[in-house]
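What follows is each chain in one-letter form.
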Amino acid sequence: MELKFTIQKKLFLSHFLAVLLVSGSIGTYFYFSSVNSLIGSLQDRLKYSAALISETIDAGRLNNIRKASDVSLPVYQEYLQELRDFRHTNPDIAYLYIMRKVGNRVFFVIDSDESEAQALPGKEYMVHVPTLLEGFDAASVDKKIWEDEWGSFMSGYAPLKNGRGEYLIGIDMRANEVKHKLHTLRISGVLSLLCSIILAFIFSRLLSKNFTTPIQLLISRCSEISRGGFNEKLELRTGDELDNLIAEFNSMSSQLWDSQKKNRTAEEALIRSKENLELRIEERTSELIDLNRKLVQEISERKNAEAMLEQAATSDPLTGILNRRAMVDQLKFQEARYRRDKNPFVILLIDLDHFKDVNDTYGHDAGDQALIAVTEHLRKSTRSQDVVSRWGGEEFLILLPGTSLQGGAVLAEKVRQHIEEHIFVIGEQSVRLALSIGVAEYHDGLTLNGCIKAADTALYRAKRLGRNRVEVSE
Ligand code: GH3
Ligand code: MG
Ligand code: MG
């Protein structure tokens, strides 16, 4: 598993450990040097005292002190007194004693103890103490304080004058005070360690917090920016490089804010221009639709006008039937048809008799009405395939396709009779009309004009022979 630490934790731990290490090692150094100097000064005092007193006692005089009864010997009493005096002058000394080594065994010679527990001469010392054994050859001292039921002690030893290797003097010095000092030292050491832990904790925590607070603020500003809040400055002074970071951050934030404002303005302008464009397109589209409608209307009007022109060009304005020009076209068509499949056709050239008199008697308008009425009669008395036209003035030409000369003559007679028998009512007048007809059939070797001329000749003959009659071209 991966261990994850925040920067604050890392900073805290590193500072805490560093402060603790430094203060701990300084404390440890002072503690141990104090302990060493306390113990060392005690050892020095022991060595010094043992060396001092060893010079005053002559080992050569102790040979006779071997058993408990030898306490009565004057030399025993003399040295016992000397040891006790020395002890009295130095209250730190608890016990003074002289020992003899025989082989590897150690025996009491004189013990300064004034209580009942005093060891008498010849009593063997059963405890194995290495520094004591060294003390028979050279001055030696305990390495550490030892304790028993009477308290804390430290012992020093020195060989007696003239007794090196066989006699020594031992001094047990009270170490209660040193022990007490060591205890105090230990407690103050522990206390100062605790203090330095607490101080290190507080110091590290303040330091890491002081460093990470601006970072936390930067992070929270970053998340505000990501939600779109640009316009707030980070007001914070740390007095170190973070100030530069905050300044750069503020300038970046304000630049972002500016560019966002610009973007918004551009976006709004874009939307506006899009709306304008849409409006203009709409206007243009409706203009185009209008124009299109007008164009369609114009085209249809033009078509009507063209149709009317066509009508006007081919029809007679008074009677509405084909005019002379249109009839010529029809005749040309029939002539072509005849050339192709010999389809016969006949023309009737009609002229109203004495029409001038009608005009003169009833007026020109009445004459027009008469012309219209005659036209109506002509159409009614011909077949659907026959074509009636106004040839000019009071003259009509009727084309009878697929008709022989006889058939044409019969039809012409029928027409003539109808007109003769009909009483035309024009205004309030009843008028009788009559007409003459020349009939001609188209045939090979004849031009169209020739055919028309033939019909005209027949018509002229009909007029000459008394009018109101049909004459057929020879
Ligand atoms: P005829 O029997 O010899 O044909 O005698 P007519 O009077 O019909 O012949 P004429 O050629 O002397 O006269 C033709 C007359 O037809 C003259 C003219 O006033 C009349 N007319 C021709 N066109 C029109 C027209 O469009 N309207 C009217 N009201 N009269 C017309
Ligand atoms: Mg005429
Ligand atoms: Mg006439």
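As shown above, the structure is provided for reference.
Note that the structure is predicted; figures quoted are calculated from it, not measured.

Enquirer: Just to check I follow, could you spell out the overall build of the chain for this structure?
Expert: Across its full length, the chain carries 10 helices and 14 strands. For the chain, the C-alpha radius of gyration of 81 Å lies well beyond 23 Å, the compact-globule estimate for 474 residues. The principal-axis extent of the C-alpha atoms belonging to the chain is close to 225 × 50 × 35 Å. Taken over 474 residues, the chain has a buried fraction of 36%. Taking the contacts inside the chain whose residues are at least 6 apart along the sequence as the reference set, 64% of them involve residues at least 24 apart. Roughly 29,100 Å² of accessible area belongs to the chain as shown, and the carbon and sulfur atoms make up 56% of that amount.

Enquirer: Which parts of the structure should I look at to understand the site of ligand 1?
Expert: Contacts to ligand 1 come from 16 residues, most closely from His 354, Phe 355, Asn 359, Arg 390 and Arg 467. Asp 351 has a polar side-chain atom sitting 3.3 Å from an oxygen atom of ligand 1. At 2.8 Å from an oxygen atom of ligand 1 is found a main-chain nitrogen or oxygen belonging to Phe 355. Within the complex, the protein chains bury 67% of what would otherwise be the 640 Å² of accessible surface of ligand 1. Every element with two or more residues in the shell around ligand 1 is listed here: strand 8 (345–352), helix 7 (355–362) and helix 8 (364–380). Examining the composition of the shell around ligand 1, we find that 4 residues originate from one element, helix 8, more than from any other. When its residues are assigned to classes, the shell around ligand 1 shows 3 nonpolar, 5 polar and 8 charged.

Enquirer: Explain unusual backbone geometry here, please?
Expert: Phi is mostly negative for residues that are not glycine, and the peptide bonds are mostly trans. With a phi close to 60°, Lys 342 is a non-glycine residue in the positive phi region. Its location among the elements puts Lys 342 in the loop between helix 6 (324–341) and strand 8. Under the relative-accessibility criterion, Lys 342 is labelled partly exposed at 47%. Backbone geometry at His 354 places phi at a positive 45°, although glycine is not the residue there. For His 354, the location among the structural elements is in the loop between strand 8 and helix 7. Classification of His 354 as partly exposed rests on a relative accessible area of 47%.

Enquirer: When you look at the pattern of salt bridges in this model, what are you seeing that I'm missing?
Expert: Close approach of charged atoms allows side chains with opposite charge to pair. Applying the stated rule across the entire model yields 22 salt bridges. For Arg 339, the salt bridge identified is with Glu 335, shortest N-O distance 3.1 Å. Note that Arg 339 and Glu 335 are positioned in helix 6 at a spacing of 4 residues, about one turn of the helix. For Glu 335, a relative accessible area of 14% gives the class buried. Arg 416 is paired through a salt bridge with Glu 413; the nearest N and O atoms lie 2.6 Å apart. Taken together, the residues span about one helical turn, with Arg 416 and Glu 413 both in helix 9 (residues 405–421) at a distance of 3 residues. With relative accessibility at 27%, the residue Glu 413 sits in the partly exposed group. Ionic contacts of the salt-bridge type, sharing partners, join the residues Arg 461, Arg 469, Glu 471 and Glu 474 into one network.

Enquirer: Where do I start with the coordination of the magnesium ion (ligand 3) in this structure?
Expert: Metal coordination angles in their ideal form are 109.5 degrees for the four-donor tetrahedron and 90 or 180 degrees for the six-donor octahedron. Within the protein, the magnesium ion (ligand 3) binds to Asp 351 (OD), Leu 352 (O) and Glu 394 (OE); these donor distances fall in the range 2.1 to 2.2 Å. Binding-site remark: the magnesium ion (ligand 3) is held by donors from one chain whose sequence spacing is D-L-x41-E. Between the magnesium ion (ligand 3) and the magnesium ion (ligand 2), the interatomic distance is 3.5 Å, and Asp 351 donates to each metal, bridging them. Taken individually, Asp 351 and Leu 352 each receive the classification buried, so the pair is uniform in this respect.

Enquirer: In this structure, what is going on with the sheet that holds strand 14 (residues 470–472)? I would like to understand it.
Expert: Adjacent strands of a sheet form backbone hydrogen bonds with each other and so pair up, either parallel or antiparallel. One open sheet accounts for 5 strands, arranged 9-10-8-13-14; its pairing is mixed. Both edges of this open sheet fall to strand 9 (387–392) and strand 14, since each of them pairs with a single strand only. Going from strand to strand, the sheet's axes swing by 20° on average, the running direction of each strand aside. In the sheet, strand 13 (residues 435–441) pairs with strand 14 via 3 bridges, with the strands oriented parallel. Bridging from a neighbouring strand, Gly 438 pairs with Glu 471 of strand 14.

Enquirer: Help me out: how do you make sense of the packing of helix 1 (residues 7–54) against helix 4 (residues 176–226) in this one?
Expert: Pairs of packed helices are described in terms of their axes, by the angle between the two and the distance that separates them. It is at 8 Å that the axes of helix 1 and helix 4 come closest, and there the two elements cross at 165°. Comparing their axes, helix 4 and helix 1 come out roughly antiparallel. Considering how the two elements wind past one another, helix 1 and helix 4 form a crossing that is right-handed. Each residue belonging to the contact of helix 1 with helix 4 can be placed in one class, and the counts come to 21 nonpolar, 9 polar and 4 charged.

Enquirer: I tried to follow the environment of Ser 69 on my own but got confused; where do I start?
Expert: Looking at the element boundaries, Ser 69 is found in the loop between helix 1 and helix 2 (74–89). Between the alpha carbons of Ser 69 and Leu 120 there is a distance of 8.5 Å; along the sequence they are 51 residues apart.

Enquirer: What's the story with helix 9 in this structure? I'm lost.
Expert: One full turn of an α-helix is made of 3.6 residues, so residues set three or four places apart face in the same direction. In this model, helix 9 (17 residues) spans 24 Å end to end at C-alpha, consistent with the 24 Å of a helix rising 1.5 Å per residue. Residues Gly 408, Ala 409, Leu 411, Ala 412, Val 415, Arg 416 and Ile 419 constitute the buried set of helix 9. Buried residues of helix 9, viewed axially, fall in a sector of 165°; they line one side. Turned more than 90 degrees off the buried face of helix 9, the exposed positions are Gln 406, Val 410 and Glu 421. Lining the buried residues of helix 9 we find strand 8, helix 8, strand 10 (395–401), strand 11 (423–426), strand 13 and strand 14.

Enquirer: I tried to follow the nonpolar core on my own but got confused; where do I start?
Expert: Most often, soluble globular proteins keep nonpolar side chains buried together rather than apart. Core analysis: the largest hydrophobic core is formed by 34 residues, its most contacted members being Ile 57, Leu 62, Ile 98, Ile 110 and Ile 169. Of all the secondary-structure elements, those providing two or more residues to this core are helix 1, helix 2, strand 1 (93–102), strand 2 (105–111), strand 6 (151–159), strand 7 (167–174) and helix 4. Per element, the largest residue contribution to this core is 7 residues, and it comes from helix 1. The residues contacting Ile 110, other than those within four sequence positions of it, are Leu 62, Ile 65, Tyr 76, Tyr 79, Leu 80, Leu 83, Leu 96, Tyr 97 and Ile 98. One finds Leu 348, Val 358, Leu 378 and Ile 426 within the second-largest nonpolar core, a separate group that totals 28 residues.

Conventions and cut-offs
- Residues numbered from 1 in each chain as written.
- Chains lettered and ligands numbered in written order.
- Predicted model: local features only at pLDDT ≥ 70, side-chain atom pairs only at ≥ 80, totals over all residues.
- Heavy atoms only, no water.
- Helix = DSSP H or I, 4+ residues; strand = E, 2+ residues; numbered from the N terminus.
- Rg over C-alpha atoms; globule rule 2.2 N^0.38 Å.
- Buried < 20%, exposed > 50% of the residue type's maximum accessible area, 1.4 Å probe, protein only.
- Contact = heavy atoms within 4.5 Å.
- Areas by Shrake-Rupley, 256 points an atom, 1.4 Å probe, with all protein chains shown as cover.
- Near = heavy atom within 4 Å.
- Polar contact = N/O pair within 3.5 Å; in protein donor to acceptor, adjacent residues only side chain to side chain.
- Nonpolar A, V, L, I, M, F, W, Y, C, P; charged D, E, K, R; others polar.
- Salt bridge = Lys/Arg side-chain N within 4 Å of Asp/Glu carboxyl O.
- Donors = N, O, S within 2.8 Å, 3.2 Å for Na, K, Ca; no water.
- Pairing = 2+ DSSP bridges.
- Axes fitted to C-alpha atoms, helices over the stretch in contact; angles between N-to-C directions.
- Parallel < 35°, antiparallel > 145°, perpendicular 65-115°, else oblique.
- Left-handed = near helix turned anticlockwise from the far one by under 90°.
- Expected span 1.5 Å × (residues − 1).
- Arc of directions from axis to C-beta.
- Core = buried A, V, L, I, M, F, W, Y, C linked by side-chain atoms within 4.5 Å.

So, to be careful, I would describe these as geometric facts and stop short of saying anything about function.
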